[in-house]
Every structure is written in C-alpha cells, then in structure tokens.
Amino acid sequence: MDWGFILTQTTTQAIGITAIIYILAAIGLNVQFGYAGLLNFGQVMFVAAGSYAVGVIVLTFDLSLWLSILVAIIVATALALLLGIPTLRLRADYLAIVTIAASELFRLSVRSIAFKDTLGGAQGLNGKLGQQFHDTNPLPADFQSLPVLSWTRQDLWVVIVGWLLIAAFTVLVWLLVRSPWGRVIKGIREDEDAVVSLGKNVFVYKMQALILGGIIAAFGGIVWAVAKQSVQPDTFQPDFTFFAYTILLLGGAARVFGPIVGGIIFWFLLAGTGEFLGQAIQAGWIDFLQATDVGNIRFMLMGAGLIALMVFRPQGIFGDRKELALDAR
Amino acid sequence: MLTRARGTAGALVLAVLTALGFAVLAVGPAHAADTVLVGSFTAPDGSPIPDVAVTVSNEDGFTETITSDAGGEFSAVLPGGGTYQIDLDVSTLPAGIALEKPEDESRSLLVLGGEKRILTKLVEGEGGGSGGGGFINVTGDQFLQLLFDGLLFGVMIALAALGLNLVFGTTGLTNFSHGDLVTLGAFTALLLNLVGVHLVIAAPIAVVFCAIVFGWGQNRVLWRPLRRRKTGLIAMMIISIGLAIVLRYSVALFFGAAPQTYKQYAGQSGISLGPVTATPKALILAVLAIITLVVVVIWVQRSRIGKATRAVSDNPALASATGIDVEKVISVVWIVSAGLAAFAGIYLGMTQNSVWNMGQRILLIIFASVILGGLGTVYGAIVGALVVGVFINMTSLIIPTEMKTVGALFVMIIILMIRPQGLLGRRERVG
C-alpha cells in the first residue's frame, strides 16, 4: 500500500479539473438555490450548453474558441429564460421535477440523430476543441510536473485558469449578495409574499438569479470541453446536478465559500476512497471486491453521505442553520 | 388520417437488450449478463419470417451468422460493447418481400448500452421504393399496434405512478427514489429466479418482500424519524435523491451493469389479436396490473383505511383530530406504494429486461404521468400514465424513436404552464 501515492493522487483530484467543473456548477447553484431559493435540478443543462457552445463553434463551424465563450453566455441566458418563464412561478417540488425533466430533454435532444451533423449525435464532438486556449500556455515547454501534484503542462494551465475563474465568480457572488440585489433575492427565499408586498417584481429577480447561476455553470462546461477536448452528451446526466448539490450542501449553501470548500472535500473523499479501495484490492487486503466495483462503491458512499448530511447537518460545514430554512412549502 | 402509401409494411426490429423502448417483437432469450442483439422479422401480413440470415461482425474479428427461428426471431451474443456491422442476407428473404430502403441491407451499429434500436421496414415487392419517409407512411394496423403497445406500457407506468402519488398525497414527499423501488422489485424477483425459484412463484414473493422491507421498513427506518424531527420537505426530497443513488449503485454492485432476463418466459413469440400482436406474458401482466389498479382504487374509495388515506391526504391535522392514526395510514400507504412499484419492476423486467438503472430511466416518465394527471390524485396517476404511455409510443410515428421520451417531457412542461394542477387535480396553488 503506497500511502504517499494515494495522498498525492487524491490531492491532485481534489483541486483538479473535474473538481473545478463541479465547483463552478455549484457556485451557480449557490446563487440559484442558496440565495434565491430556486430548487433548480437541471443545472447540468447549463454545463452541457457551455460545452456544446465550444464544441459547435470550434469544431462544427471552425470559428474562434473565444467567440464560443460569448455564445455560451448567450445560450445559457436563452436556456434560463426558456426554462424560467414556465417554471419560476411553480412550487418547489414542481420546479424540481420540471427542471430535471428539462435537463433530460436537453440531453436527449442534443444527442439525437436529427442533429448529428451539427452536434455529433450520441458520440458527441471530439477533436482539438481547446487548441487555441492551450496555445496560450505560458508554462515553459520543457515543464515536467509540479513536485507533488501530477498534472501535465496542459492540465496545469487549465487548472490555473479554472481557479482564477472560480476566484472571479466567488468575488462576484460576494459583491452581489451584499448588494441591495442580494438582499432582495434572499428576501424572496425567506418570504416571497413579503417581497411582493414591498413592490418588487419577484419573477424578474428569480429570473436574474437563474440566468446568473446558469452562466457560471456554463463556464464549467467551457472548462470541461477545453480540458477534455471532447463533448459527450451522456456525461450530462441528472446525476451531475445531484453531485453539484452534494458539494454545495457539504460546504454550506448560502455561503460564499461553500461551493469551494464543499468541492475540495467532496473530491478529496471521493478520490481518496477510490484510490484506497483500488490499492487495497490490488494488495489483496479486500478479496470480496473487484477493481471494477470501486466506482459503484464510491457512488454508494456519496449517496449515503448526502443522506447523512441532510439528516444530521443540513446547513453543511460552514452554513448557518438560521439562514437556510430548507422547508419552504 | 394516416396515408397508406404502398403495400402493407412489416417491420424488422433490431434491439439491443438494453433498450428502454418497448420493442414490439424484440424479446431476447435468457443470456444473463451478456450483451445480446435481438430482433425479429415480420412479414407485412404479420406472420413471422423464419430462416433469414443475418451476419453480425466487428473489427476485432468477431463474426457470427444467425438465422431467424420459427417465430421470426434471432439473437446473437456479443462479446461486449463496440461498433458492429450488421448485414442482412437479402437472398434469404422469402419471395415477394424486400427492404423498404435497400441501404438497410448493411449497416453499422454502435452497441454501448442505453437506448439502441433500429427499425427497418419490409415491404411487398422486389426492391425498395423511392421517397417517402418511413415514419410517415403508417398503416392502420401499425397505428393500432403502437396504440396497443402504448396502453401496455402505460399500465406498467400506472402501477408505479399510483404508488408515487399515494406517498405524495399522504406525506407531501416527492420521492425521487421511487424509480429505484421499481428496480428493486425486478431484481428481488431476479434473485429468487436465479437461485431456482420459478418466476410465477418468485414474482408474488418479491412483491410482498418489497412491500414489507422496502415499503414498511423504509418508512419506519428513514421517513418516520425524519417526520418526527420536523425535517422540511425539500430536505426530504434531497434525502430521497441520496437514497436513490445508494440503491441504484448497490444494485449495480451486486448484479453488475449488464441487462438480465428472467429464466422463464424470456423469448416468447407474439400472438395475433386481430389487428395487433402481443406476447402472451405482456397480456397476462397487463390484465393482472389492471386488476391490481382497480383493487387499489376500490380500496382507497371504499375501505376504512382507504378513506382514512384520503382524509390524511386532504388535511393531516384534521384527520389526526378526528381520531385517525396518521402514522398507521402512512405505513400502509408505503406498503402499498412499494408493492405496486415492485410489480411494475417485474412487469418491466419481464417485458423488457432488468438493468440497474431501469428505475431511473422511467422515473421522469412516472413524474410526467403524475403531473399530467394531477400530483397526489389516485385517478390522475392512472389516467396520466395511460396518456403518457400511449403518447410516448405514438410520437414515434413522427419523431425518431430515440426521442420519444422528449415528447412526454415536453408535454409535461406545457401542462404545467396551462393547467398546473393536472388533468384531474383540484385547483390549488402550486405556483
């Protein structure tokens, strides 16, 4: 059992590219669910929109990657409007069902054979999606690896920019929730009728929160497409949204640093269990499991963790129980 | 009215066993834990076509030639996922039968899991015709067949939807793990079946076991303590998501990811019922399901505990004040709900196959049904499920089969915009 290897692998994953993608999605959810109280279960749709914007602009139309960022923002805004207009007036449980349905609707549509020429069908879009970004890599060409964290030169550049994005959006959210706008959306979460009675257009505020959260998640999708150089429709399953919720609730919803703390801990635990179980099986410590079982066990533990979190500490690690009353009905 | 373009069209349905779709005639024999390609040939007049040769091959050197049996069915065990070349030997087709589109003679198919299904039309006469989208030229018989299949599928969904609605009505919980209760039902029966119990005996045992352990037990261990702690409904909804993930991946861990079929009744041929065909097992299951639904509806309407259930749905506090033991009612509702879900799972496992994420795949269809019919209503669940089942099948006439769930979800969103309480729901504030 190589504990050092387990630790470095786990740490690399805890702050790696996948963690960055999920943290960006969770920051978006924090705006929507944490502050505005919108139970959006379709967050993965915005991530997919960001990824597909890159794939379609760069691969299908052979245009600039930088243009695809603009397109991703526009598409995320349009999707938020489409999703929000029929659903934002609904009660929380209806909103949850409709948003999860919308995200599946989106996934099934983009993977459809009908749009195969543009969107690549079930195989998605694969190619040099992020080449323009990787060409800007300022790291020395003979860069090998950091002392402990095992990223390639290409991945490290994505990780650096990814964390800069997280920092930028965290500052943005911090500024927004301290502003009058932030007080209104928190007011909507606490008591919608009270905010209506103050003459505020609740629907518009909810829509703005949905759009902002959607755009932040779309940036997660952009990072995904650029880093993996591939857009696969079936990676955008509803489970993605649930993992993003777990991250948000773990760190603490309605806390600016909640998604970051939650994301790092979530991936540290998930990667750590995976690496540990994998090594233990290899070393012969556990003989009733196969190496292929590790993935399933990781997900089982994650589900159990989500249950335990909601039962014993719904406010998460840094959350304030008073701020987030999770029983609006 | 549907146009009748040319000849009567039959269908060759190729379906990988992982298909969610209700393949009309595609039923695989029992090759547990294998990737199996199944399909069948039916002449335009509905009779099966035996002795048609199909060659399945891939780039790794796997080649197998199979011929359809007396029931027109064929199946090939594949070494795993990947891209397969499927060649139909046209010379083995009977005289007067040809492919509608000649290019369908040879095609490649990516087998990964998930929904994968190809429909190739057979027509009378030599050679395929020109023009005409295959999906638009529908005969009256095909129309009826799709309607009938939709009803059979809708009855299965109704079983699951009714249980979901009963729990929602009495406790307010939107149970995201209800789909996984369906999966557990199918796999409990499969487990008994694998240790040697005949399916006819295994199925009722599985239903009772699931009703008690996953219904009564789940409520007792998880939901009742949470209600006592006054846990909010949104928190409970998120807990049900966590539970769904735990259950789903547990099934994957213990049973593997490959779709499995029961040892009995796996490869049945369809029988003709006037204009439509169906397998005997699907008909028997549908009749049993309809009886079950009627019994549950009468139980809710007439029996003492059923009336108490409706009272609790209306107003738990008032019901409690009139002497109804609310917790007892909720226990009974959970038992009925899990039992119905288990039945739905066995239904789905018998007519298609059992796979670890089968419940997750139909969960949104169940949700679409209950929202269409009215969340929390008993009749609404049944009506909604039948409408959604038929709708899903009928839309395959105009949109590709792989997109059929899209139509149902789209209709659900439209319904929420114009009539959020559903078709049969009471008008109350849902927004």
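Residues numbered from 1 in each chain as written. Chains lettered and ligands numbered in written order. Predicted model: local features only at pLDDT ≥ 70, side-chain atom pairs only at ≥ 80, totals over all residues.

1. Concerning the overall build of chain A
For step 1, the next point in the chain: Counting its regular elements, chain A contains 14 helices and two strands.
For step 2, the next point in the chain: Here the C-alpha atoms of chain A give a radius of gyration of 20 Å, agreeing with the 20 Å that 2.2 N^0.38 yields for 329 residues.
For step 3, the next point in the chain: Projecting the C-alpha coordinates of chain A onto the three principal axes gives extents of approximately 65 × 50 × 40 Å.
For step 4, the next point in the chain: Within chain A, the proportion of its 329 residues that are buried is 50%.
For step 5, the next point in the chain: Relative to all contacts within chain A whose residues are 6 or more apart in sequence, the contacts with residues 24 or more apart total 77%. (Helix = DSSP H or I, 4+ residues; strand = E, 2+ residues; numbered from the N terminus. Rg over C-alpha atoms; globule rule 2.2 N^0.38 Å. Buried ≥ 20, exposed ≤ 12 C-beta atoms within 10 Å, placed from the backbone. Contact = placed C-beta atoms within 7 Å.)

2. Here's the deal with the overall build of chain B
For step 1, the next point in the chain: The secondary structure content of chain B amounts to 11 helices and 11 strands.
For step 2, the next point in the chain: In chain B, buried positions account for 54% of the 431 residues.
For step 3, the next point in the chain: Long-range pairs, those at least 24 residues apart, make up 74% of the contacts in chain B between residues at least 6 apart in sequence.

3. Comments concerning the interface of chain B and chain A
For step 1, the next point in the chain: Contact with chain B, which involves 37 residues of that partner, is made by 41 residues of chain A.
For step 2, the next point in the chain: For the side of chain B that touches chain A, the secondary structure elements donating two or more residues are α4 (233–255), α9 (358–373) and α11 (404–418) of chain B.
For step 3, the next point in the chain: Per-element tally for the side of chain B that touches chain A: the top contributor is α4(B), with 15 residues.
For step 4, the next point in the chain: Grouping the amino acids of the side of chain B that touches chain A by side-chain chemistry returns 29 nonpolar, seven polar and one charged. (Nonpolar A, V, L, I, M, F, W, Y, C, P; charged D, E, K, R; others polar.)

4. Points about the pairing of strand β4 (residues 63–67) of chain B
All names here are of chain B.
For step 1, the next point in the chain: Burial of β4 is sparse: only zero of the five residues sit out of reach of the surface.
For step 2, the next point in the chain: Where strand β3 (residues 53–57) meets β4, five bridges bridge the pair, whose relative direction is antiparallel. Bridge pairing in β4 links Ser 57 to Thr 63. (Pairing = 2+ DSSP bridges.)

5. So, unusual backbone geometry
For step 1, the next point in the chain: With a phi close to 65°, Ala254(A) is a non-glycine residue in the positive phi region.
For step 2, the next point in the chain: Tracing the backbone shows Ala254(A) in the loop between α12 (238–251) and α13 (258–282).
For step 3, the next point in the chain: Exposure remark for Ala254(A): the 23 C-beta atoms within 10 Å place this residue in the buried category.
For step 4, the next point in the chain: We note that Lys230(B) has phi near 60°; this positive angle belongs to a residue other than glycine.
For step 5, the next point in the chain: Mapped onto the secondary structure, Lys230(B) falls in the loop between α3 (199–228) and α4.
For step 6, the next point in the chain: According to the C-beta neighbour criterion, Lys230(B) is exposed, with 7 such atoms within 10 Å.

6. Quick word on the packing of helix α8 (residues 153–178) of chain A against helix α11 (residues 202–228) of chain A
Each pair of packed helices can be summarised by the angle the axes make with each other and by the distance between the axes.
Residues and elements named next belong to chain A.
For step 1, the next point in the chain: At a minimum axis distance of 11 Å, the contact between α8 and α11 shows a crossing angle of 175°. When the axis of α8 is compared with that of α11, the two are roughly antiparallel. Residues Asp 155, Val 158, Gly 162, Leu 165 and Phe 169 of α8 form the contact with α11, whose participating residues are Ile 216, Phe 219, Val 223, Val 226 and Ala 227.
For step 2, the next point in the chain: Split into classes, the residues belonging to the contact of α8 with α11 amount to eight nonpolar, one polar and one charged. (Axes fitted to C-alpha atoms, helices over the stretch in contact; angles between N-to-C directions. Parallel < 35°, antiparallel > 145°, perpendicular 65-115°, else oblique.)

7. So, the nonpolar core
For step 1, the next point in the chain: Counting residues in hydrophobic clusters, the biggest one holds 217 residues, and the most contacted among them are Leu24(A) and Ala101(A).
For step 2, the next point in the chain: Residues Val54(B), Val56(B), Ala76(B) and Leu78(B) belong to the second largest nonpolar core, which totals 12 residues. (Core = buried A, V, L, I, M, F, W, Y, C linked by C-beta atoms within 7 Å.)

8. Some thoughts on the environment of Leu129(A)
All names here are of chain A.
For step 1, the next point in the chain: Tracing the backbone through its elements, the reader meets Leu 129 in the loop between β1 (125–126) and α7 (131–134).
For step 2, the next point in the chain: Judged by C-beta crowding, with 26 C-beta atoms within 10 Å, Leu 129 ranks as buried.
For step 3, the next point in the chain: When the C-alpha atoms of Leu 129 and Phe 46 are compared, they prove to be 18 Å apart, with 83 residues separating the residues in sequence.
For step 4, the next point in the chain: With residues up to four places along the chain from it excluded, the contact list for Leu 129 reads Val 54, Gly 55, Val 58, Leu 59, Ala 225, Val 226 and Gln 229.

9. Describing the packing of helix α14 (residues 293–312) of chain A against α4(B)
For step 1, the next point in the chain: Orientation of α14(A) relative to α4(B), taken along the N-to-C sense of each, is 160°, at an axis distance of 8 Å. On the basis of the axis angle, α14(A) is roughly antiparallel to α4(B). For the pair α14(A) and α4(B), the sense of crossing is left-handed. Counted together, Asp293(A), Asn296(A), Ile297(A), Phe299(A), Met300(A), Met302(A), Gly303(A), Ala304(A), Leu306(A), Ile307(A), Met310(A) and Val311(A) of α14(A) and Ala235(B), Ile238(B), Ile239(B), Ile241(B), Gly242(B), Leu243(B), Ile245(B), Val246(B), Tyr249(B), Ser250(B), Ala252(B) and Leu253(B) of α4(B) form the full contact between these two elements. (Left-handed = near helix turned anticlockwise from the far one by under 90°.)

10. Description of helix α5 (residues 280–302) of chain B
For step 1, the next point in the chain: For α5(B), built from 23 residues, the straight-helix expectation of 33 Å at 1.5 Å per residue is met to within 8% by its first-to-last C-alpha distance of 33 Å.
For step 2, the next point in the chain: Taken as a whole, α5(B) has its buried residues at Ala282(B), Leu285(B), Ala286(B), Ala289(B), Leu293(B), Val296(B) and Val300(B). (Expected span 1.5 Å × (residues − 1).)

11. A word on the environment of Val195(A)
Residues and elements named next belong to chain A.
For step 1, the next point in the chain: Relative to the helices and strands, Val 195 resides in helix α10 (residues 192–197).
For step 2, the next point in the chain: Note: C-alpha distance between Val 195 and Ala 167 (28 residues apart in sequence) is 31 Å.
For step 3, the next point in the chain: What Val 195 contacts, discounting residues up to four positions off in sequence, is Val 184, Gly 187, Ile 188, Lys 200 and Val 202.

12. Comments concerning helix α6 (residues 304–314) of chain B
For step 1, the next point in the chain: Taken together, the buried positions of α6(B) are Gly306(B), Ala308(B), Thr309(B), Val312(B) and Ser313(B). The buried residues of α6(B) occupy an angular sector of 155° when projected down its axis, which confines them to one face. (Arc of directions from axis to C-beta.)

13. Overview of the confidence of the model for chain B
Residue and element names in this part refer to chain B.
For step 1, the next point in the chain: Per-residue confidence for chain B gives a mean pLDDT of 78; residues scoring 70 or more make up 73%.
For step 2, the next point in the chain: Across residues 1–34, confidence stays below pLDDT 50; counting only partners more than four residues off in sequence or on other chains, it has 117 contacts.
For step 3, the next point in the chain: Prediction confidence for the complex, expressed as pTM and ipTM, is 0.79 and 0.89 respectively. (pLDDT = per-residue confidence, 0-100.)

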